[in-house]
Amino acid sequence: MFSITEIFAKSCRFLVTSGAALIISTAMISHASAADTATTYNNSCAACHDSGALNAIKKGDRAKWQQLIKQKGMPALVKSVKNGMIQMPAGGLCDNCSDDDYRKLIEYMSK
Ligand code: HEC
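Computed from a prediction, not measured in an experiment: that's the story for all the values here.

1. Things to note about the state of the cysteines
Alright, step 1. Considering all chains together, one arrives at 1 disulfide under this definition.
Alright, step 2. Each sulfur of the disulfide joining Cys94 and Cys97 lies 2.1 Å from the other. In this structure the cystine formed by Cys94 and Cys97 twists about its S-S bond by roughly 90°; its chirality is therefore right-handed.
Alright, step 3. A relative accessible area of 7% places Cys94 in the buried class.
Alright, step 4. The class of Cys97 is buried, set by a relative accessible area of 15%.

Written out as structure tokens, the structure is:
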């Protein structure tokens with residue numbers, strides 16, 4: 001038979017465990033957006049911007065990206081992706097990206 005103190009100790013341990021799980025899931029949610037940019041990049045933009053296929057500026061070519069950002073400005077670059085370019089399909093293969101997502105993806109590629 002369980003005594004009252006044993007039951008109390010068991011439910012306390014349960015509360016501590018579920019509290020820890022809550023902290024872990026909160027931490028995962030707050031890191032989700034950075035991970036999402038990498039995932040979206042891999043699923044959409046990487047096809048061309050990883051290898052430089054079709055003359056796309058490569059991810060990590062900091063000098064070229066910085067020059068382009070300075071020349072055209074971020075809003076114009078976001079617009080280019082949304083409308084498409086000569087070789088780049090409109091939206092860059094990301095159907096559900098917002099302007100902010102595109103901005104993050106461009107910053108991600110320029111590092
Ligand atoms: C099918 C290949 C392809 C995919 C997929 C692609 N791009 Fe591009 N991108 C290009 C090419 C090629 C260029 C160079 C311009 C041109 O010739 O169209 C370019 C140019 C750009 C530019 C420069 C625009 C400018 O105004 O000079 C940006 C910014 C860009 N891409 C962002 C992205 C982002 C963000 C994604 C993913 C959501 C993406 N691209 C996906 C091929 C691609």
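The structure having been displayed, the exposition proceeds.
2. Quick word on the confidence of the model for the protein chain
Alright, step 1. Per-residue confidence for the protein chain averages 84 on the pLDDT scale, and 69% of its residues sit at or above 70.
Alright, step 2. In the model of the protein chain, helix H1 (residues 4-49) stands out as the element of lowest mean pLDDT, 68, in contrast to helix H3 (residues 74-83), which has the highest, 98.
Alright, step 3. Within the model, the stretch residues 23-32 combines pLDDT values under 50 with 0 contacts to residues more than four positions away or in other chains.

3. Some thoughts on the coordination of the iron atom of the ligand
Tetrahedral coordination by four donors puts the ideal angle at the metal at 109.5 degrees, and octahedral coordination by six puts it at 90 or 180 degrees.
Alright, step 1. Surrounding the iron atom of the ligand are the protein donor atoms His49 (NE2) and Met88 (SD), at 2.0 to 2.1 Å.
Alright, step 2. For the iron atom of the ligand, the 6 donor atoms in the first shell make angles of 84 to 180° at the metal, so the coordination geometry reads as octahedral. In this pair, His49 sits in helix H1 while Met88 sits in the loop between H3 and helix H4 (99-109), placing the two residues 39 residues apart along the sequence.
Alright, step 3. Relative accessible area serves as the criterion here: at 22%, Met88 is assigned to the partly exposed category.

4. Some thoughts on the site of the ligand
Alright, step 1. In the vicinity of the ligand lie 24 residues, with Cys45, Cys48, His49, Ser80 and Met88 positioned nearest.
Alright, step 2. Ser80 is positioned with one of its side-chain polar atoms (N or O) 2.6 Å from an oxygen atom of the ligand.
Alright, step 3. Ile86 is positioned such that a nitrogen or oxygen atom in its backbone is 3.3 Å from an oxygen atom of the ligand.
Alright, step 4. Elements with a contribution of two residues or more to the shell around the ligand: H1, helix H2 (62-72), H3 and H4.
Alright, step 5. Among the residues making up the shell around the ligand, the classes are represented as 17 nonpolar, 6 polar and 1 charged.

5. Structural notes on the pattern of salt bridges
Side chains that differ in charge, positive against negative, can pair when their charged atoms come close.
Alright, step 1. One pass over the structure, following the stated rule, counts 4 salt bridges.
Alright, step 2. In this structure, the salt-bridge partner of Asp100 is Arg103, at a minimum N-O distance of 2.5 Å. On the criterion of helical spacing, the pair formed by Asp100 and Arg103 is a turn pair, its members being 3 residues apart in helix H4.
Alright, step 3. What makes Arg103 partly exposed here is its relative accessible area of 28%.
Alright, step 4. Residues Glu107 and Arg103 are paired through a salt bridge, measuring 3.3 Å at the closest nitrogen-oxygen approach. In this pair, Glu107 and Arg103 both sit in helix H4, 4 residues apart, roughly one turn of the helix.

Parameters and conventions
Residues numbered from 1 in each chain as written. Predicted model: local features only at pLDDT ≥ 70, side-chain atom pairs only at ≥ 80, totals over all residues. Heavy atoms only, no water. Disulfide = S-S within 2.5 Å. Buried < 20%, exposed > 50% of the residue type's maximum accessible area, 1.4 Å probe, protein only. pLDDT = per-residue confidence, 0-100. Helix = DSSP H or I, 4+ residues; strand = E, 2+ residues; numbered from the N terminus. Contact = heavy atoms within 4.5 Å. Donors = N, O, S within 2.8 Å, 3.2 Å for Na, K, Ca; no water. Tetrahedral: all angles 85-135°; square planar, octahedral: opposite > 155°, others 65-115°. Near = heavy atom within 4 Å. Polar contact = N/O pair within 3.5 Å; in protein donor to acceptor, adjacent residues only side chain to side chain. Nonpolar A, V, L, I, M, F, W, Y, C, P; charged D, E, K, R; others polar. Salt bridge = Lys/Arg side-chain N within 4 Å of Asp/Glu carboxyl O.

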